[in-house]
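Here are the chains, one letter per residue:
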Amino acid sequence: MTYIGNIQIPDNLFSEDKRNEGYFLRIPSYNTDVEKLIQKCVPISEQNGTLINGRLKAPNANDISNCMITMKNNFTLSTIYIINCLSSYLNISGPQLGEFPRNIRNTLEALSQLGKTESVIKSTFVKYMFWIKLYLSDSLKSAIGGSHPLVFYAGQLSLHEMLFFAALSDSGYDIIVLDTSGDTYYKTIDPEEKYSSALLIPGGSQFPQDFSLKKTQTTTSHSLQ
């Protein structure tokens, strides 16, 4: 059992222990112990992973066009198709992608089970491809290799972002989400908490209205000098 302040975290969250899957954890409230956890997570995510303040960036028209060229306008919800697309788009061989394509397919199938159209699922895959290249190009191989890069995110997750992070955690990434708007909205997109687990924050309250990881990032950088 490991604690940061009074927050209980998995024993091997920040270790190099070999495990097939990563953690997908969210923090729905704030206090000084959360601040301690933030100060630990920021440098780790910057060194091996990524730090995201607010929503994941939306692809622009040129980004979408580049993805569509790779997809060759014949979208198919299959692991082989996803392997071929990612291999070409990321310039990574299929075997180096490990279980990542299958995990991507699983989350896209979850959208299908929710009744989403093929057009929505296709556009979601375009977002996935863009996000992988933008945020994960430096850490994907190490995640597949078992090093558990950390994605540290602050904001309110959308359905597509949540499913994307679920695919990442199943592929070896550790995901920690500061759910700065509280847990109410999250539970509308994952009512059974199937994809992530909330950390108990004893004595926690709402995040400050002006909370920003950018501000914390600057403070943390100064403290490390």
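Residues numbered from 1 in each chain as written. Predicted model: local features only at pLDDT ≥ 70, side-chain atom pairs only at ≥ 80, totals over all residues. Heavy atoms only, no water.

Novice: Hey, could you run me through helix α2 (residues 61-71) in this one?
Specialist: An α-helix turns once per 3.6 residues; consequently, residues spaced three or four apart project the same way. The complete set of buried residues in α2 reads Asp63, Cys67, Thr70 and Met71. Along the axis of α2, the buried residues cluster in a sector spanning 100 degrees; they form a single face. The exposed set on the far side of α2, more than 90 degrees from its buried face, consists of Ala61, Asn62 and Ile69. On its buried face, α2 is in contact with α3 (79-90) and α5 (118-136). With a side-chain oxygen lying 3.0 Å from the backbone nitrogen of asparagine 62, the N-terminal cap of α2 falls on asparagine 60. Directly after α2, the chain includes lysine 72, whose backbone phi takes a positive value near 60 degrees. (Buried < 20%, exposed > 50% of the residue type's maximum accessible area, 1.4 Å probe, protein only. Helix = DSSP H or I, 4+ residues; strand = E, 2+ residues; numbered from the N terminus. Arc of directions from axis to C-beta. Contact = heavy atoms within 4.5 Å. Polar contact = N/O pair within 3.5 Å; in protein donor to acceptor, adjacent residues only side chain to side chain.)

Novice: Can you help me understand the packing of α3 against α5 in this one?
Specialist: Helix-helix packing is described using two parameters, namely the angle between the two axes and the distance between the axes. Running from N to C, α3 and α5 point in directions that differ by 40 degrees, and their axes come no closer than 11 Å. Taken together, the axis directions place α3 and α5 in an arrangement best described as oblique. You can see that α3 and α5 cross each other, and the crossing is right-handed. In this structure, α3 uses Tyr81, Ile82, Cys85, Leu86, Tyr89 and Leu90 to contact α5, whose residues at the interface are Phe125, Met129, Phe130, Ile132 and Lys133. (Axes fitted to C-alpha atoms, helices over the stretch in contact; angles between N-to-C directions. Parallel < 35°, antiparallel > 145°, perpendicular 65-115°, else oblique. Left-handed = near helix turned anticlockwise from the far one by under 90°.)

Novice: Help me understand the packing of aromatic side chains, please; the structure alone is not making it clear to me.
Specialist: Centre-to-centre distance and the angle between the planes together describe a pair of aromatic rings. Across all of its chains, the model carries 12 aromatic pairs by this definition. A centroid spacing of 5.3 Å and a plane angle of 45 degrees characterise the contact between tyrosine 30 and phenylalanine 207, whose relative ring orientation is tilted. Here tyrosine 30 is found in the loop between β3 (24-27) and α1 (32-47), whereas its partner phenylalanine 207 is found in the loop between β7 (197-198) and α9 (213-224), with 177 residues between them in sequence. Overall, tyrosine 30 belongs to the buried group, its relative accessible area being 18%. Residue phenylalanine 207 is classed as buried on the basis of its relative accessible area, which comes to 7%. Centroid distance phenylalanine 75 to phenylalanine 125: 6.0 Å. Interplanar angle 45 degrees. Geometry classified as tilted. Taken as a pair, phenylalanine 75 in the loop between α2 and α3 and phenylalanine 125 in helix α5 lie far apart in primary sequence, 50 residues in all. (Phe/Tyr/Trp six-rings, centres within 6.5 Å; stacked < 30°, edge-to-face > 60°.)

Novice: What exactly am I supposed to notice about the side chain of serine 212 here?
Specialist: Relative to the elements of secondary structure, serine 212 occurs in the loop between β7 and α9. A polar side-chain atom of serine 212 sits 3.4 Å from a polar atom in the side chain of asparagine 53.

Novice: Quick question: what am I supposed to make of the confidence of the model for the protein here?
Specialist: Close inspection of predicted coordinates is inappropriate for parts of the model with low pLDDT. When pLDDT is averaged along the protein, the result is 91, and 95% of the positions lie at 70 or above. For the protein, α9 is the element with the lowest average pLDDT, namely 55, and β3 is the one with the highest, namely 98. Predicted confidence is poor over residues 220-225, with pLDDT under 50, and the contacts of this stretch with residues over four places away or in other chains come to four contacts. (pLDDT = per-residue confidence, 0-100.)

Novice: What am I meant to see in α1 here?
Specialist: Taking 1.5 Å as the rise per residue, α1 with 16 residues should run 22 Å; its terminal C-alpha atoms sit 24 Å apart, in good agreement. Taken together, the buried positions of α1 are occupied by Asp33, Val34, Glu35, Leu37, Ile38, Cys41, Val42, Pro43 and Ser45. Capping the start of α1, asparagine 31 holds a side-chain oxygen 3.0 Å from the backbone nitrogen of aspartate 33, two or three residues further along. The first or second residue beyond α1 is glycine 49, which carries a positive phi of 140 degrees. (Expected span 1.5 Å × (residues − 1).)

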